[in-house]
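Given next are the chains, with one letter for each unit.
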Amino acid sequence: MDRKILIITGDMAESQEVMYPLHRLQEEGYTVHIAAPTKKVIQTVVHDFEPGIDTFTEKLGYRVEANLAFSEVNPSEYEGAVIPGRRASEYIRNDKSFNEIVKHFVESNKPLAFECHAAIALIPLGYLKGKRCAAFWSLEPDLKAAGATFVDEKVVVDGNFVTSRAWIDHPKFIKEFIKLLK
C-alpha cells in the first residue's frame, strides 16, 4: 500500500518548513507530494533573526518541485497533510482548490499539521474557532480574533490538528504528526 502525505504550500514558504517534513516523512516510508497553486518549481525562503533587528529577516532559500497544482489534488488519496508557514500562507488561502483540500482533511478528521504563519491560511475558513493552536508569536491576536486559543508551546495537538511555533520546534512537531498518522 502506498502511504501518501501532502505538503500544501507555494512560493515564499519557509524552506525548513517544507524540507524537514518532506525528508522526515520520506524516512518514515511515506510518499510525499508537494502541491502549490500551479505545478512548477517554487521558491522558498529562509527566515532568521539578526542582531538589532526587531523581527525576522528573509533570504532566498531552496527551489523545490511542486508535483501537483492544487486543482489536480485528490485529497482522499492522502493520509495527512502539512501546511508550511510564512508568506505562502497569505496567498494560498485565496485559492478555491486550497480551501477544498483543507475542507477534506478537516471533515474527514485526517491529521493536518500547520506551523508558524500557516494558521493565517486557515483563519478565513473558520476551522480554528474553539481550537488550541501554537503559531508564530505575532499571530496571537489573529488567532484570538478567530476564536482560537493561542498557545506558546513547541507543539499543540487538538483533535486532528498538530501545530507549532516555527521550524525550531520540528522534532516535537513532526513526532506528534507521525503519532496521529499511525
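Use the structure listed above.
Residues numbered from 1 in each chain as written. Predicted model: local features only at pLDDT ≥ 70, side-chain atom pairs only at ≥ 80, totals over all residues. Heavy atoms only, no water.

### Structural notes on the environment of Ile83
Consideration 1: Tracing the backbone through its elements, the reader meets Ile83 in strand 6 (residues 80-83).
Consideration 2: Along the sequence, Ile83 and Ile8 sit 75 residues apart, while their C-alpha atoms lie 5.1 Å from each other. (Helix = DSSP H or I, 4+ residues; strand = E, 2+ residues; numbered from the N terminus.)

### As for the packing of aromatic side chains
Consideration 1: For the structure shown, the criterion picks out 6 aromatic pairs.
Consideration 2: Ring geometry for Phe49 against Phe136: centres 6.5 Å apart, planes inclined by 15°, an arrangement best described as stacked. Residue Phe49 is found in the loop between strand 3 (41-48) and strand 4 (57-65), and its partner Phe136 is found in the loop between strand 8 (132-133) and helix 5 (140-145); the two are separated by 87 residues along the sequence.
Consideration 3: Exposure remark for Phe136: the relative accessible area of 9% places this residue in the buried category.
Consideration 4: When the ring of Phe70 is compared with that of Phe98, the centres are 5.9 Å apart and the planes differ by 45°; the resulting orientation is tilted. Placement of the pair is Phe70 in the loop between strand 5 (68-69) and strand 6 and Phe98 in helix 3 (residues 96-107), with a sequence separation of 28 residues. A single burial state applies to Phe70 and to Phe98, both of which are buried. (Phe/Tyr/Trp six-rings, centres within 6.5 Å; stacked < 30°, edge-to-face > 60°. Buried < 20%, exposed > 50% of the residue type's maximum accessible area, 1.4 Å probe, protein only.)

### Description of the pairing of strand 2 (residues 31-36)
Looking down a regular strand, the side chains alternate between one sheet face and the other.
Consideration 1: Judged by how many residues are buried, strand 2 sits mostly within the fold: 5 of 6 residues are covered.
Consideration 2: With 5 bridges joining them, strand 1 (residues 4-8) and strand 2 adopt parallel strand pairing. Residue Ile8 lies in a different strand from strand 2, and its bridge partner there is Ala35.
Consideration 3: As for the winding sense of the linkage, the β-α-β connection from strand 1 through helix 1 (residues 15-27) to strand 2 is right-handed. (Pairing = 2+ DSSP bridges. Right-handed = clockwise from strand over helix to strand, strands pointing away.)

### Describing the pattern of salt bridges
Consideration 1: Tallied over the full model, the rule gives 14 salt bridges.
Consideration 2: The partner of Arg3 in a salt bridge is Glu79, and the shortest N-O contact between them spans 3.9 Å. Remark: Glu79 occurs in the loop between strand 5 and strand 6 and Arg3 occurs in the segment before strand 1; sequence separation between them is 76 residues.
Consideration 3: The partner of Glu77 in a salt bridge is Lys4, with the nearest N and O atoms 2.8 Å apart. Of this pair, Glu77 sits in the loop between strand 5 and strand 6 while Lys4 sits in strand 1; the two residues are 73 residues apart in sequence, bridging distant segments of the chain. (Salt bridge = Lys/Arg side-chain N within 4 Å of Asp/Glu carboxyl O.)

### Side note on the sheet that holds strand 7 (residues 112-115)
Consideration 1: As summarised here, the arrangement of the 7 strands in space is 5-2-1-6-7-11-10, forming an open sheet in which the pairing is mixed. Each of the sheet's edge strands pairs with one partner strand only, and the pair in question is strand 5 and strand 10 (156-158).
Consideration 2: Summarising the sheet, strand 2 and strand 5 pair through 2 bridges and their orientation is parallel. The residue bridging Ala35 from the neighbouring strand is Leu68, located in strand 5.
Consideration 3: Running at roughly 155° to strand 2, helix 1 makes contact with strand 1, strand 2, strand 6 and strand 7 of the sheet. (Contact = heavy atoms within 4.5 Å. Axes fitted to C-alpha atoms, helices over the stretch in contact; angles between N-to-C directions.)

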